[in-house]
Amino acid sequence: MANRGTNEWISGLATLRATQRQPRVRRYATGPSIDAESPAADDEASPPADRTGHTRPRPMGIGRTTMPTQNEVVCYGCGFQFVVRGRTTVTQCPKCGARLSMKDETITGGFHEECVTAGKVTLTRSAIVDGGKITANDILLEGIIKSGQVRAHKMLTLAKGAELPEDLLDARSLKIGPEASFDFERTLELHDVEVCGELKARIKATGTVTVRASGHLLGQLMAKHLIVEEGGGLNCALDVQPNRTTWSSTEDATESTVAEPQARPLTEPPIIAPIAQATAGDTP
Ligand SMILES: [Zn+2]
């Protein structure tokens, strides 16, 4: 009966070790012949064989060579962009000193409060935002925003079924989810744009606009870079210039690079007349 406490402690430790080992076991133990309990047999010289006798590929250094995750964070106080290593729920802006929440939040149902984080906010399909303030680095909108203040310091994703009054769209970059369809009247000034669904808009992008294979972009586009994946649709007045950094608010892609959308009436002389004359001159 001696050392009852120690025995309990040891048995507790063994249980803990067993639980810790569990996820690693599952990674490569697919059949009933589990070799995980014998780490000695699991060495470099003899890779584990399955029931058919074939050797299975060895998992490459799971959990040993992983680099700490690097998270680009934008301070919601001053807009400064910096990198945070590893997962954390709070950090401090190196520029303005503000203490920043890094928590990811999920909003469901009616909401009219304040939600401020340097993490990600997901507004589910049931979410209805009517008033309040949502500020996050990334926002995924699946539900409805009727009113309020919404700001994505990095990426705003509009999923299928999302509703957002266009004057409330305030994001650095925009992604249109698969099967989602949005039509904006106002000019959108963004950094990156990714279109997986359909987007009709007048866009000025200082970064890269990507139209995925499932995507379709319509309207006007002024951008630094443009990628259209095979299968993606593009029906735009284009002005893509890698060396440009800004477009003035009045500038128009149709003015600089693309002819007027409506063809001139055939009776109007300027373009047709000189060609007609030249042809007439050549013919005897
Ligand atoms: Zn700051």
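Please read these numbers as outputs of a predicted model, since none were measured by experiment.

Topic: the overall build of the protein chain
- When helices and strands are tallied, the protein chain shows three helices and 16 strands.
- Considering the protein chain as a whole, with its 284 residues, one finds that 23% of them fall into the buried category.
- Here the analysis covers contacts within the protein chain between residues at least 6 apart in sequence; of these, 9% occur between residues at least 24 apart.

Concerning the nonpolar core
- Ile 139, Leu 141, Leu 156, Leu 158 and Ile 203 are the most contacted members of the largest nonpolar core, which totals 41 residues.
- Mapped by element, the contributors of at least two residues to this core are β8 (120-123), β9 (128-141), β10 (144-158), β11 (171-176), β13 (193-195), β14 (198-211) and β15 (216-228).
- Setting aside anything within four residues of it in sequence, one finds Leu 141 in contact with Leu 123, Leu 156, Thr 157, Leu 158, Ala 159, Ala 162 and Leu 164.
- Listed in part, the six residues of the second largest apolar core include Cys 75, Cys 93, Leu 100 and Ala 118.

Regarding unusual backbone geometry
- Its identity as a non-glycine residue notwithstanding, Glu 179 has a phi of 65 degrees, on the positive side.
- Tracing the sequence through the fold places Glu 179 in the loop between β11 and β12 (181-190).

Thoughts on the environment of Ile 176
- As for its position among the elements, Ile 176 is in strand β11.
- In this structure Ile 176 comes out as buried when scored by C-beta crowding, with 27 C-beta atoms within 10 Å.
- In this structure the C-alpha to C-alpha distance between Ile 176 and Lys 160, which are 16 residues apart in sequence, comes to 8.2 Å.
- Beyond its immediate stretch of four places on either side in the chain, Ile 176 contacts Leu 158, Phe 182, Val 195, Cys 196, Gly 197 and Leu 199.

Side note on the pairing of β15
- Pairing analysis gives 12 bridges linking β14 to β15, with the strands arranged parallel. Bridge pairing in β15 links Arg 202 to Gln 220.
- Sheet analysis places β15 next to strand β16 (residues 233-240), joined by eight bridges and oriented parallel. Looking at the pairing, Leu 217 lines up with Leu 234 of β16.

Brief notes about the environment of Glu 251
- For Glu 251, the position within the fold is in the loop between β16 and α2 (253-256).
- The exposure class assigned to Glu 251 is partly exposed, which follows from the 13 C-beta atoms found within 10 Å.
- Between the C-alpha atom of Glu 251 and that of Lys 204, which follows or precedes it by 47 residues, the distance is 9.6 Å.

Points about the environment of Gly 215
- For Gly 215, the location among the structural elements is in the loop between β14 and β15.
- Take Gly 215: there are 24 C-beta atoms within 10 Å of it, and that puts it in the buried class.
- It is 10.0 Å that separates the C-alpha atoms of Gly 215 and Glu 230, two residues lying 15 residues apart in sequence.
- Excluding residues that lie within four positions of it along the chain, Gly 215 makes contacts with Val 195, Cys 196, Gly 197, Gly 232 and Gly 233.

Here's the deal with the confidence of the model for the protein chain
- Chain-level pLDDT for the protein chain is 77 on average; 65% of the residues reach the 70-or-more range.
- Every residue in residues 1-50 scores below 50 in pLDDT, and together they form 26 contacts with partners more than four places removed in sequence or on other chains.
- Low confidence marks residues 255-284, where pLDDT is under 50. Its contacts with residues over four positions away, or in another chain, come to seven contacts.

Overview of the pairing of β9
- Both strand β6 (residues 110-111) and β9 contribute to a ladder of two bridges, which runs parallel. If you follow Phe 111 over to β9, its bridge partner there is Val 129.
- Pairing of strand β7 (residues 114-116) with β9, which is carried by three bridges, proceeds in the parallel orientation. Note that in β9 the partner of Val 116 across the bridge is Thr 135.
- Bridge count for β8 against β9 is four bridges, and the pairing is parallel. Directly across from Lys 120, in β9, lies its bridge partner Asp 138.
- Direction of pairing for β9 relative to β10: parallel, over a ladder of 11 bridges. Note that in β10 the partner of Ile 139 across the bridge is Leu 156.

Each value, and the rule that gives it
Residues numbered from 1 in each chain as written. Predicted model: local features only at pLDDT ≥ 70, side-chain atom pairs only at ≥ 80, totals over all residues. Helix = DSSP H or I, 4+ residues; strand = E, 2+ residues; numbered from the N terminus. Buried ≥ 20, exposed ≤ 12 C-beta atoms within 10 Å, placed from the backbone. Contact = placed C-beta atoms within 7 Å. Core = buried A, V, L, I, M, F, W, Y, C linked by C-beta atoms within 7 Å. Pairing = 2+ DSSP bridges. pLDDT = per-residue confidence, 0-100.

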